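Chain residues, written in single-letter form:
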Amino acid sequence: MPDLVPWFLVLHVLGAIIAFGPTFSFAVIGALGGAEPMHGNFATRISEAITTRRVIPVGLTMPITGIGLIWLVGINPFTRGTRWLLVGIILYTVAFTFALVVQLPTVRRIVAMTSGPPPAAAPGSPPSGPPPGLMENVRKVQRGGLLLSGLVTVIAFLMVVKPDLGF
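The structure displayed is predicted, hence computed values, not measured ones.

**Description of the side chain of threonine 65**
Structurally, threonine 65 can be placed in helix α4 (residues 61-73). When sequence neighbours within four positions are dropped, the list of residues in contact with threonine 65 reads Phe8, Leu11 and His12.

Printed below as a string of structure tokens:
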């Protein structure tokens with residue numbers, strides 16, 4: 001079965017690139033949407049579409065190909081010297097759970113908040129600003145995006161360098 005290792009490795013690496021690579025562009029998409037508020041909803045919907053159509057489905061293949069690699073190569077992530085793999089698996093689980101439970105629902109709230117016209121201003125008063133709570137949700141998504149980018153970067157480091165973590 002060692003002849004399957006390269007195939008699983010290609011699928012695993014390609015899956016990581018397809019799933020998590022585009023997420024590093026979300027900050028650019030968000031900044032452009034924020035600079036042109038009339039396009040903010042569209043920019044947020046693009047990020048949500050990429051997340052639901054690429055990141056989540058392809059990201060869910062990572063455990064499958066990863067377990068396949070672990071089994072084919074015979075690595076035990078619980079032994080000293082290979083704990084980088086265990087840490088990577090834990091960080092992946094944390095990141096994916098956070099993305100599904102916190103980040104995606106917040107993005108969907110932003111889409112809902114910006115899907116209609118802004119609330120009407122009282123006669124004679126200046127136009128109303130963004131819906132209440134919108135900027136708080138935007139900042140929450142920004143912080144979450146930084147966290148997720150950091151986690152993906154650490155996971156990539158662990159998978160490539162395979163450091164001896166000393167425990």
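**Remarks on unusual backbone geometry**
Trans is the common state for peptide bonds, and a negative phi is the common state for residues other than glycine. The backbone of lysine 162 sits at a positive phi, close to 50°, despite the residue not being glycine. You can see lysine 162 is positioned in the segment after α6 (134-161).

**Remarks on the confidence of the model for the chain**
Residues at a pLDDT of 70 or more form 96% of the chain, whose mean pLDDT is 93. Mean pLDDT per element in the chain: helix α2 (residues 26-35) is the minimum at 94, and helix α5 (residues 83-114) is the maximum at 97.

**Quick look at the nonpolar core**
With 19 residues, the main nonpolar core has Phe20, Leu91, Tyr92 and Phe96 as its most contacted residues. In terms of residues, this core owes the most to one element, α5, which gives seven residues. In this structure, leucine 91 is in contact with Leu151, Val154, Ile155 and Leu158, ignoring residues within four places of it in sequence.

**What to know about the packing of α2 against helix α3 (residues 40-59)**
When two helices pack together, you describe them by how their axes are tilted relative to each other and by the distance separating the axes. Running from amino to carboxyl end, α2 crosses α3 at an angle of 160°, the nearest separation of the two axes being 7 Å. Taken together, the axis directions place α2 and α3 in an arrangement best described as roughly antiparallel. Judged by the sense of rotation from one axis to the other, the crossing of α2 with α3 is left-handed. Contact residues: Phe26, Ile29 and Gly33 in α2; Gly40, Ala43, Ile46, Ser47, Ile50 and Thr51 in α3. Its residues assigned to classes, the contact of α2 with α3 shows five nonpolar, four polar and no charged.

**Structural notes on α3**
When the local axis directions of α3 are compared, the greatest deviation, roughly 40°, occurs at threonine 51. By the burial criterion, the buried members of α3 are Gly40, Asn41, Ala43, Thr44, Ser47, Glu48, Thr51, Val55, Ile56, Val58 and Gly59.

**As for the environment of glutamate 48**
With respect to the helices and strands, the residue glutamate 48 is situated in helix α3. For glutamate 48, a relative accessible area of 17% puts it in the buried group. Separated by 60 residues in sequence, glutamate 48 and arginine 108 place their C-alpha atoms 7.4 Å apart. Contacts of glutamate 48, omitting those with residues within four sequence positions, involve Leu104, Val107, Arg108 and Val111.

**Here we look at a nonpolar patch on the surface**
A cluster of nonpolar side chains, Leu9, Val13 and Ile17, forms an exposed patch at the surface whose accessible area comes to about 270 Å². Secondary-structure assignment places leucine 9 in helix α1 (residues 5-20). You can call leucine 9 partly exposed: its relative accessible area is 43%.

**Some details on a positive patch on the surface**
A grouping of Arg109, Arg139, Lys140 and Arg143 is seen on the molecular surface, where their side chains present a positively charged patch. Within the fold, lysine 140 resides in helix α6.

**Brief notes about the side chain of threonine 44**
Assignment of secondary structure puts threonine 44 in helix α3. With near-sequence residues (within four places) excluded, threonine 44 lies in contact with Val107, Ile110 and Val111.

Cut-offs applied
Residues numbered from 1 in each chain as written. Predicted model: local features only at pLDDT ≥ 70, side-chain atom pairs only at ≥ 80, totals over all residues. Heavy atoms only, no water. Helix = DSSP H or I, 4+ residues; strand = E, 2+ residues; numbered from the N terminus. Contact = heavy atoms within 4.5 Å. pLDDT = per-residue confidence, 0-100. Core = buried A, V, L, I, M, F, W, Y, C linked by side-chain atoms within 4.5 Å. Buried < 20%, exposed > 50% of the residue type's maximum accessible area, 1.4 Å probe, protein only. Axes fitted to C-alpha atoms, helices over the stretch in contact; angles between N-to-C directions. Parallel < 35°, antiparallel > 145°, perpendicular 65-115°, else oblique. Left-handed = near helix turned anticlockwise from the far one by under 90°. Nonpolar A, V, L, I, M, F, W, Y, C, P; charged D, E, K, R; others polar. Bend = angle between axes of the 7 residues up to and from the residue. Patch = residues over 30% accessible without salt bridge, like charges linked within 9 Å, V, L, I, M, F, W, Y side chains within 5 Å. Areas by Shrake-Rupley, 256 points an atom, 1.4 Å probe, with all protein chains shown as cover. Salt bridge = Lys/Arg side-chain N within 4 Å of Asp/Glu carboxyl O. Lys, Arg positive; Asp, Glu negative; His and termini not counted. Charge placed at Lys NZ, Arg CZ, Asp CG, Glu CD.

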